[in-house]
Amino acid sequence: MNTNRLDTDLLIAGGGLAGATLALALARFVPELSVTVVEAFPLSPDALPADYQPSYDARSTALAWGSRRIFDALDLWPGLSEHATPIRHIHVSDRGRFGATRLHAHEHDQEALGYVADNRWMGLSLMRALMGTSVNWLAPAEVVDMTPVSGGVRVAIQRGNEPHEVNARCLVIADGGRSGLREKLGFIARTEDYGQNALIANVSTSDSHGFTAYERFTEAGPMALLPHGSPARAGHESALVWTLSDTELSDILSLSDEQKCQKLQARFGWRLGRFTRIGQCHHYPLKLTTVAEPVRPGVALVGNAAHALHPVAGQGFNLALRGLMTLVEQFRRAVDEGLPIGDLAVLGRYQQLHREDWQQTVQFSDSLIRIFGQPLSPVAAARDVGLVGLDLMPGAKRWFARKAMGTGGRKPQVPSQALLAKAGEHDE
């Protein structure tokens, strides 16, 4: 990974999970392109420890089975899986009601429905993989503006007190859901506030999770418990996502750890026995953010900068990964056809192909919130029927499982081995 070259074919604003994954995919599948990543946080090879020690308080992300296939294609999964806990069962229920549905990996001939991986471990795995590529890395630095020019864009970068300009054929914005650059460049984001907050923490229970992810809908909002900890054995640690109103969040945060566990016990129930420990709590407001037109000539939004979802179904990062690979697919096609990668025809194809996926995923996640957020008895009874129906009807259950596994939408066309061989000839 180079840190000196300035002018570039593609500049990625943001070196988090989305930006780093995009950079690695381009290095693997479109090596003809020079790629530069601009990241606000400093990066040094010395900061990558040889031995990773998982922390109890590590933040984590649910990876769908489809995302595992993407990381397989990037040759990242063998290392990443060392600290990725499999989800072999999913249990969806409505608190206080009889309806429930259950999904099992063996019913789909898979070893897992998904995985839970520490964010820091994913970041370290990506950085280690990028160290062996020609991707340029500018950090700490920040993209502060962009101007269209003939043949591409001129990007203004701030590195400490020194301004720089970089000429690029295309700019990809991957700096997260609070993207200041998105707003600076005039992209219109539509935000719907759910009036709730997500409290994130790791918890321990007296009973083993058995590699089961629990999605529990309650009268106050959904909560999820995902198997966490050792990927080799079914342990007692789970990653919690707890939906709370502003008042409830304030009350919970003021409690002792023991009192938090008691509140959690009352809300979730005893399916995992007694809650014995809760770690450091993080929280953020829940909003649905979408950008109707995430591309323009020379610029594309990806990841949370393009769409940020409610975490109820764990779809956000998995949707982002599929979008990244669709963009890589279009860049590969553009290079093969001799088209400028920043051409609106190229970026428009990416938008068109990804749009149906994100629309369906947003609708799926948003409808779960609205359906299970209704306390009225007729609606609750209909939910029970629906959950039981999912459990009993193979076709409906397969559809739900494909959504949960991230395999229900369009599959980005990962380049074939013949195409990879052709790309490799370029470097010889």
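What this report covers is the structure whose coordinates are included nearby. Small disclaimer: the values here were computed from a predicted structure and weren't measured.

Some words on the overall build of the chain
Okay, step 1: If you tally the helices and strands in the chain, you get 12 helices and 20 strands.
Okay, step 2: Residue burial in the chain is summarised as follows: out of 428 residues, 53% are buried.
Okay, step 3: Sequence-distant contacts in the chain: of pairs separated by 6 or more residues, those separated by 24 or more amount to 75%.
Okay, step 4: If you sum the accessible surface of the chain, you get close to 18,500 Å²; carbon and sulfur atoms cover 51% of it.

Considering the packing of helix H2 (residues 65-73) against helix H8 (residues 316-337)
Okay, step 1: For the pair H2 and H8, interaxial distance at closest approach is 9 Å and the crossing angle is 40°. When the axes of H2 and H8 are compared, the pair comes out oblique. Handedness of the crossing formed by H2 with H8: left-handed. Residues Ser-67, Ile-70 and Phe-71 of H2 form the contact with H8, whose participating residues are Phe-317, Asn-318, Leu-321, Arg-322 and Met-325.

Brief notes about the environment of Ala-201
Okay, step 1: With respect to the helices, strands and loops of the structure, Ala-201 is situated in strand S12 (residues 189-205).
Okay, step 2: Of the residues examined, Ala-201 reaches a relative accessible area of 4% and is grouped as buried.
Okay, step 3: Through-space distance from the C-alpha of Ala-201 to that of Ala-239 is 6.1 Å; in sequence the pair is 38 residues apart.
Okay, step 4: In this structure, Ala-201 is in contact with Ser-238, Ala-239, Leu-240, Ile-278, Gly-279, Gln-280 and Cys-281, ignoring residues within four places of it in sequence.

Focus: the sheet that holds strand S3 (residues 60-64)
Okay, step 1: One open sheet holds the 3 strands; their spatial order is S3-S7-S4, and the pairing between them is antiparallel. Two strands in the sheet have a free side with no partner beyond their single neighbour: S3 and strand S4 (84-87). Going across the sheet, the axis of each strand differs from the next one's by a mean of 25°, ignoring polarity.
Okay, step 2: Inspection of the sheet shows S3 paired to strand S7 (residues 114-118) by 5 bridges, in the antiparallel sense. Residue pairing for S7: Ser-60 is matched across the bridge by Asp-118.
Okay, step 3: Lying over the sheet, helix H4 (residues 119-130) contacts S3 and S7, oriented at roughly 85° with respect to S7.

Details of unusual backbone geometry
Okay, step 1: Residue Ala-139 is joined to Pro-140 through a cis peptide bond whose omega torsion reads -5°.
Okay, step 2: Counting through the fold element by element, Pro-140 comes out in the loop between strand S8 (136-138) and strand S9 (142-149).
Okay, step 3: Positive phi, normally seen in glycine, also occurs at Phe-211, with a value near 60°.
Okay, step 4: With respect to the secondary-structure elements, Phe-211 resides in the loop between S12 and strand S13 (212-218).
Okay, step 5: In this structure Phe-211 comes out as buried when scored by relative accessible area, which is 8%.

Some thoughts on the packing of aromatic side chains
Okay, step 1: Applying the stated criterion to the full structure yields 4 aromatic pairs.
Okay, step 2: Clustering of aromatic rings is evident, with ring pairs tying together Trp-65, Trp-77 and Tyr-115.
Okay, step 3: In this structure, Arg-88 packs its charged tip against the face of Phe-211, placed 4.4 Å from the ring centre.
Okay, step 4: Lying across the ring of Tyr-56, Arg-277 places its NZ or CZ 3.6 Å from the centre.

About the thresholds
- Residues numbered from 1 in each chain as written.
- Predicted model: local features only at pLDDT ≥ 70, side-chain atom pairs only at ≥ 80, totals over all residues.
- Heavy atoms only, no water.
- Helix = DSSP H or I, 4+ residues; strand = E, 2+ residues; numbered from the N terminus.
- Buried < 20%, exposed > 50% of the residue type's maximum accessible area, 1.4 Å probe, protein only.
- Contact = heavy atoms within 4.5 Å.
- Areas by Shrake-Rupley, 256 points an atom, 1.4 Å probe, with all protein chains shown as cover.
- Axes fitted to C-alpha atoms, helices over the stretch in contact; angles between N-to-C directions.
- Parallel < 35°, antiparallel > 145°, perpendicular 65-115°, else oblique.
- Left-handed = near helix turned anticlockwise from the far one by under 90°.
- Pairing = 2+ DSSP bridges.
- Phe/Tyr/Trp six-rings, centres within 6.5 Å; stacked < 30°, edge-to-face > 60°.
- Lys NZ or Arg CZ within 6 Å of the ring centre and 35° of its normal.

Interpretation in functional terms is not warranted from these geometric data alone.
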